[in-house]
Each structure stands twice: as C-alpha cells, then as structure tokens.
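Letter by letter, the chains look like this.
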Amino acid sequence: MRNNWVQAWKGYVRVRVDGAYPERFLNRCIEERLSIWKIKRVGDERIVFYMDIEDAKKIRPLLRKTDCKVTFAERKGTPAVLRKVSLRAGFVAGLAACLAVILVLSNMVWKVEVEGASPHVEHELRQVVAEMGIKPWTFQFSLPSVEQIQRDVTEQVSGATWVGVRQKGTTYQFEVVEQKLPEEAERVSPRHLVAKKKAIIHDIFVEHGQAQVKPNDFVEKGDMLVSGEIGKEGKTEIVAAVADIRGEIWYKSTASIPLERLFTTLTGESKNRHYLSMFNINIPFWGYRSHEFEQVQEFSEQKEFHFFKWTLPLKYTRKEFRETSSYNRTYTKEEAIEEAKRMARVELVSRLPQDAEIIGEKVLHEALENGKVKLKIHYQVLEDITSAQPIIQGD
C-alpha cells in the first residue's frame, strides 16, 4: 500500500499513454522498477496511470523502445503547488506581508485603560506606566510580566492601595483601589478587657473603664485588666472598656549555625538566549553560543503571540544564564554566636506584632557540637496584651 503523504510531498503526475499495445510500455516501466499506480485502460490504444515525478524523468528511453506517446495530463503534490505559487509570487508576497503586519500590530500596545481612579490618581498612574514603557506603539515583548507590572505600579502610585493589571489583547487594563481616610470608629459594645497572654504589666493607660491591675502586677491569660463597669455600688454604668496596656512577655528561641558555610553570589556576568516555542519545543533564533560559566543560575521569561483577539500556540521565550560564584566562609566561635543571635532575633521579629518591642535578650545555653554553634536565647518583649470580653447584659 502506498503512503499518500509521501506521494504528496514528493509530487506525482497523471500520465496518459497512447499507441499500439501500450501494455508493452507498462511492462518496461515495471522492469525498470518505476513507481506506477491506479492503472486504467481508456480504449484500445490508451492507458492512464499515476507515477512519481522523479520516475517520470526516466521514461524517455522507454518511449523509443515501445513507439508510444506519453502526455502528462496533471501535476499534483508539493512541487506542483510551489510551482503555482512561484507563478503568483507577487500575490503570495503581498499576502505574507499583510499577515506579517497584522501579526506585528497584534503584539503591540494600542490602549491603556484605567478604572476606579480619581483624575489625580489616574494621572499619576499613567505617568508611572509610561515610564515603564507601557504606552501605544510599544512591543509587548519588551515589557515586564503582568505580575511585575502590578507589583511595581502598586508600590509607586502613592494614592492607590491596590492596582490590578490585566492584559487583554493589545490593551492593558488597570483597576485601582484608592486609599480612603478611616471612617469614624464604630460604636463598641459594652466589654471588659482581659489578658490574652501571661505577662507582667509594664505600663497602662485607661481611656474608658475601671483598671483592675497596676504596673508590675503579674497576670495570667484571661485575667481581668479593665472592667467595663464603672461607678459606685448601686450607681454603676456599663461601658465599652478602652485602654492601652503593654505587658512584658517572655519568649525562648533556639538557633544553630555551622562554623563553615557555603555562600553563592551572582558575579554580574550573564548570557541570553532567545527561542520561538511551539508545543513545548524551543527553537533558538538568537544567542546560539553556549555560555562558558562553570556555575550558572537560569532565569526564564515567556511571552505569547496574538493574532487579533486569538492567542497563537507560538511563544517567545528568553532564557538568561547568570554566572554565580560559590565560596566558603569560616566563622570563629564568637562570630558564629553573633550570627546565630542575629538570625534568632530576625526570626522572632517576624512572629511578633508590629508594635512589639524587644527590651531584653539573654543567652541561656551555648554549645559547640559537630562543628555547629547552638544557642538557647531568652527574650523580654513588650506588646499589647489586651483582649475584648463582651458584657452580656441581663444575665
């Protein structure tokens, strides 16, 4: 059975053989191992069949031996298509140029839309995005990713709390949530304030309510700090207790650090490679030379191609190879202790409330084991220890 794909690729012709006893010509073709198929007799002196274009060039000597006349009635396959295209080169070139222009224009920025922003904030945002290159006639490939644009714009636009970014074809859409002044505080229901942690009272300022503790008092979790009942016996009033009470709380932290550590840094040298990607296959078109870095860190960025509103399976991929350098650092015992203390403090601060303050630090235990310095550290921290407890009236 013949392979139709191979036939179409190589090209084939429809052959008409006229003459007395055309069967002799067919026999000669078979003897020469020429590829022929779909043989059909049309009358006593005519046979029609198909054969490969390559084999059609070999039949001239056979014609002299058989006194037959051959006519090539039709050409089919890739070579025939290319021949027709070459005869209409101007039309094909114009069509290709038109598609290329549409493809280029479909991958440029044509419009920047801003929603939810006041005129002042919109003006500031448009200035920021213009400095980033997000403006009409800019190629989308040269712009940062949508995630990076959103992060940078949110940081740089002072009048916005949050900026959402979405790319829709050739349009970049920005949705802005502006900063709003705090509204008047809602009325708080009657409540007590109790301790949410075990602590020693450090300082106390009561705005509403009756204080039940004083500085240097020790409280357990759940102990009453400020009562919402004020006044004398028989003439009490229930209010929402409001106070600022900071207590001294104790934390323990452990940290260990090896005396020898391996650090990796970027040297600043880099190489870029550019690919056209389709169906997860990368075809390089720029930056063929391989890097000569012994140690390297790879970063990849990918952009999609668009044709009008459709996303094409073709993508542009840029890979950046950054040279890295590794080195060992050896600490003395004292340096390792200081580094471990610094790391432990950073880890503790990440867990504390924003208004907390570390007022004391003491190393409880220090050991050197298996090339590592191990520390157990005690911290004294000031932080707000109040927690609201609603007062249910009528009980």
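Residues numbered from 1 in each chain as written. Predicted model: local features only at pLDDT ≥ 70, side-chain atom pairs only at ≥ 80, totals over all residues. Heavy atoms only, no water.

- As recorded by an unreviewed UniProt entry, the chain carries the name Stage IV sporulation protein and is attributed to Alkalihalophilus marmarensis DSM 21297.

### What to know about the side chain of Arg273
Now for step 1: Positionally, Arg273 belongs in strand 18 (residues 260–278).
Now for step 2: There is no salt bridge for the buried Arg273, and the closest opposite charge comes from Glu298, which lies 7.6 Å off by N-O distance.
Now for step 3: If sequence neighbours within four positions are ignored, Arg273 has contacts with Trp286, Gly287, Arg289, Ser290, His291, Thr317, Arg318, Lys319 and Phe321. (Helix = DSSP H or I, 4+ residues; strand = E, 2+ residues; numbered from the N terminus. Buried < 20%, exposed > 50% of the residue type's maximum accessible area, 1.4 Å probe, protein only. Lys, Arg positive; Asp, Glu negative; His and termini not counted. Salt bridge = Lys/Arg side-chain N within 4 Å of Asp/Glu carboxyl O. Contact = heavy atoms within 4.5 Å.)

### Quick word on helix 2 (residues 23–31)
Now for step 1: What helix 2 keeps buried is the set Phe25, Leu26 and Cys29. When helix 2 is viewed along its axis, its buried side chains cluster within an angular range of 100° and face the same direction. Turned more than 90 degrees away from the buried face of helix 2, the exposed residues are Ile30 and Glu31. (Arc of directions from axis to C-beta.)

### As for a nonpolar patch on the surface
Now for step 1: Together, Val81, Val85, Phe91, Val92, Leu95 and Leu99 make up an exposed nonpolar region whose accessible area comes to about 520 Å².
Now for step 2: When residues of the nonpolar patch are traced back to their parent elements, those giving at least two are helix 5 (78–87) and helix 6 (89–106).
Now for step 3: The element that contributes the greatest number of residues to the nonpolar patch is helix 6, accounting for four residues.
Now for step 4: Among the secondary structure elements, Leu99 is positioned in helix 6.
Now for step 5: Classification of Leu99 by relative accessible area gives partly exposed; the value is 42%. (Patch = residues over 30% accessible without salt bridge, like charges linked within 9 Å, V, L, I, M, F, W, Y side chains within 5 Å. Areas by Shrake-Rupley, 256 points an atom, 1.4 Å probe, with all protein chains shown as cover.)

### Re the environment of Lys40
Now for step 1: As for its position among the elements, Lys40 is in strand 2 (residues 36–41).
Now for step 2: Along the chain, Lys40 and Asp244 lie 204 residues apart, while their C-alpha atoms are 104 Å from each other.
Now for step 3: Once you skip the residues sitting within four places of it in the chain, Lys40 turns out to touch Arg46, Ile47 and Val48.

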